[in-house]
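Chain by chain, the residues run as shown.
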Amino acid sequence: MPIRWHPGRRTGRPSPVAAPIPPDVTVAAVAAYFGHAPREAALNPGTGGPTVAVVEAYAELARRVLAGPARLGRTRLVAVDGPSGAGKSRFAAQLADALAGPLGGRPPVVHTDDLLDGWDDQVTFWPRLDEGVLAPLRVGEPGAYRRYSWVRRCFLPRPVPVPVAPVLVVEGVSAARAVVRPELTLAVFVTAPASLRLARAVARDGPEILPELRRWHDGERAHFAVDETATHADLVVDGAPTLPYDADRYYVRLR
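Rules of the game
- Numbers given to residues run from 1 along each chain, matching the order in which its sequence is written.
- Only residues with pLDDT of at least 70 get local features here, since the model is predicted, and only at 80 or more are side-chain atom pairs given and counted; chain-wide, interface and lining totals rely on the full set of residues.
- Side-chain metrics rest on all non-hydrogen atoms present in the structure, leaving aside hydrogens and water.
- Throughout, an axis means a line fitted to C-alpha atoms (over the contacting stretch in the case of helices), and angles, computed between N-to-C directions, take values from 0 to 180 degrees.
- A run of H or I in DSSP counts as a helix once it spans at least four residues, and a run of E counts as a strand once it spans at least two, with each numbered from the N terminus.
- Roughly parallel means an angle under 35 degrees; roughly antiparallel means over 145; roughly perpendicular covers 65 to 115; every other angle is labelled oblique.
- Each crossing is labelled by how the near helix is turned from the far one, with a counterclockwise turn of less than a right angle marking it left-handed and a clockwise turn marking it right-handed.
- Two residues form a contact once any of their heavy atoms are found within 4.5 Å.
- Classes in brief: Ala, Val, Leu, Ile, Met, Phe, Trp, Tyr, Cys and Pro nonpolar; Asp, Glu, Lys and Arg charged; the others, Gly included, polar.
- The classification of residues rests on relative accessible area computed with a 1.4 Å probe and restricted to protein chains. Under 20% of the type maximum is buried, over 50% is exposed, and intermediate values are partly exposed.
- Here the nonpolar core consists of buried residues drawn from Ala, Val, Leu, Ile, Met, Phe, Trp, Tyr and Cys, with membership extended through side-chain atoms lying within 4.5 Å.
- For this analysis, a polar contact is any N or O atom pair within 3.5 Å, provided that within protein one partner can donate a hydrogen and the other can accept it, and provided that sequence-adjacent residues contribute only side-chain to side-chain pairs.
- Working rule for helices: expected span equals 1.5 Å times residues minus one.

### Topic: the packing of helix 5 (residues 194–205) against helix 6 (residues 210–227)
Viewed as axis vectors pointing N to C, helix 5 and helix 6 meet at an angle of 140°, and their least axial separation amounts to 11 Å. For the element pair helix 5 / helix 6, the angle class is oblique. Helix 6 is crossed by helix 5, and the crossing has right-handed handedness. Residues Arg197, Leu198, Ala201 and Val202 of helix 5 touch helix 6, and the partners they reach there are Leu210, Leu213, His217 and Glu220. Residues that form the contact of helix 5 with helix 6 fall into these classes: five nonpolar, one polar and two charged.

Structure below.
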């Protein structure tokens, strides 16, 4: 049964996924970043209003997905969207793990970062995903894509196969965009405070990415505003909850 959690009753225990600003990121660098990118509301950027959190099980969500209609040929398409650093990859992985039992095997997970032709291909990558993966699945055939190497700055020659499966999880910025909504069984939007998302990205890739990251965050904010992604999502998830819970088995839904 879902556990309801109101902000006023939080214990103050830090989230297991929270991360401080890394020590090698200077105050000046962070200030410069936020000087170009207005801070987003911490939990629900659409309104900034009060939030009620509900702790729910990945296992229950997996059952919900499997009970839903297949709208992409014979495949139930799950899109995990949200801004960079919000926790989309973790959520997609935990949901795929929860689906593995009922399906008898883990469903394929496609990360849109693997389809981007560098930083400037933030939302324009979509034809690559549609032609290589979604279009074949629509007619019951397996798809494939070539993974982009961010080290070599090119697409690798070996294709990554995407089999016809009962469920496909697509994770990444703009994964739940308007054009694919009619084919989605479930649209998830994962959110987190901007300062934490910045800390996560810099801790992972280093402070030298700040200029590109600033442009990236500007671009994703513009996309989400026009696309109204969070408004149309079936599920909005807190990617940085402060309440105590088992993050391997549960997620925190925002109401």
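Picking up where we left off.
### Thoughts on unusual backbone geometry
With a phi angle near 60°, Arg153 is a residue other than glycine that sits in the positive phi range. Structurally, Arg153 is set in the loop between strand 5 (143–149) and strand 6 (154–162). The class for Arg153 is exposed, based on a relative accessible area of 68%. Phi angles above zero are rare outside glycine, and Ser174 is one such case at about 80°. Mapped onto the secondary structure, Ser174 falls in the loop between strand 7 (167–171) and strand 8 (184–191). Look at Ser174 and you get buried, because its relative accessible area is 0%.

### Some details on the nonpolar core
Membership of the largest hydrophobic core comes to 27 residues, with the highest contact counts inside it found for Leu77, Val110, Leu129, Val133, Leu134 and Leu168. Looking at this core, the elements with two or more residues in it are strand 3 (76–81), helix 4 (126–138), strand 6, strand 7, strand 8 and helix 6. Counting residues per element, this core draws most heavily on helix 4, at five residues. Membership of the second largest hydrophobic core comes to 25 residues, among which are Ala62, Val169, Leu186 and Leu235.

### A look at the environment of His232
Among the secondary structure elements, His232 is positioned in helix 7 (residues 229–232). Each C-alpha atom, one on His232 and one on Val188, is 9.2 Å from the other, the two residues being 44 residues apart in sequence. Excluding residues that lie within four positions of it along the chain, His232 makes contacts with Arg181 and Asp227. Within the local environment of His232, its side chain forms a polar contact with the side chain of Arg181, the two groups lying 3.5 Å apart.

### Points about helix 3 (residues 88–103)
Its 16 residues give helix 3 an end-to-end C-alpha distance of 22 Å, which sits within 8% of 22 Å, the value for a rise of 1.5 Å per residue. Restricting attention to buried positions, one finds in helix 3 the residues Lys88, Phe91, Ala92, Gln94, Leu95, Ala96, Ala98 and Leu99. Just downstream of helix 3, Gly104 is the residue with a positive phi angle, here 80°.

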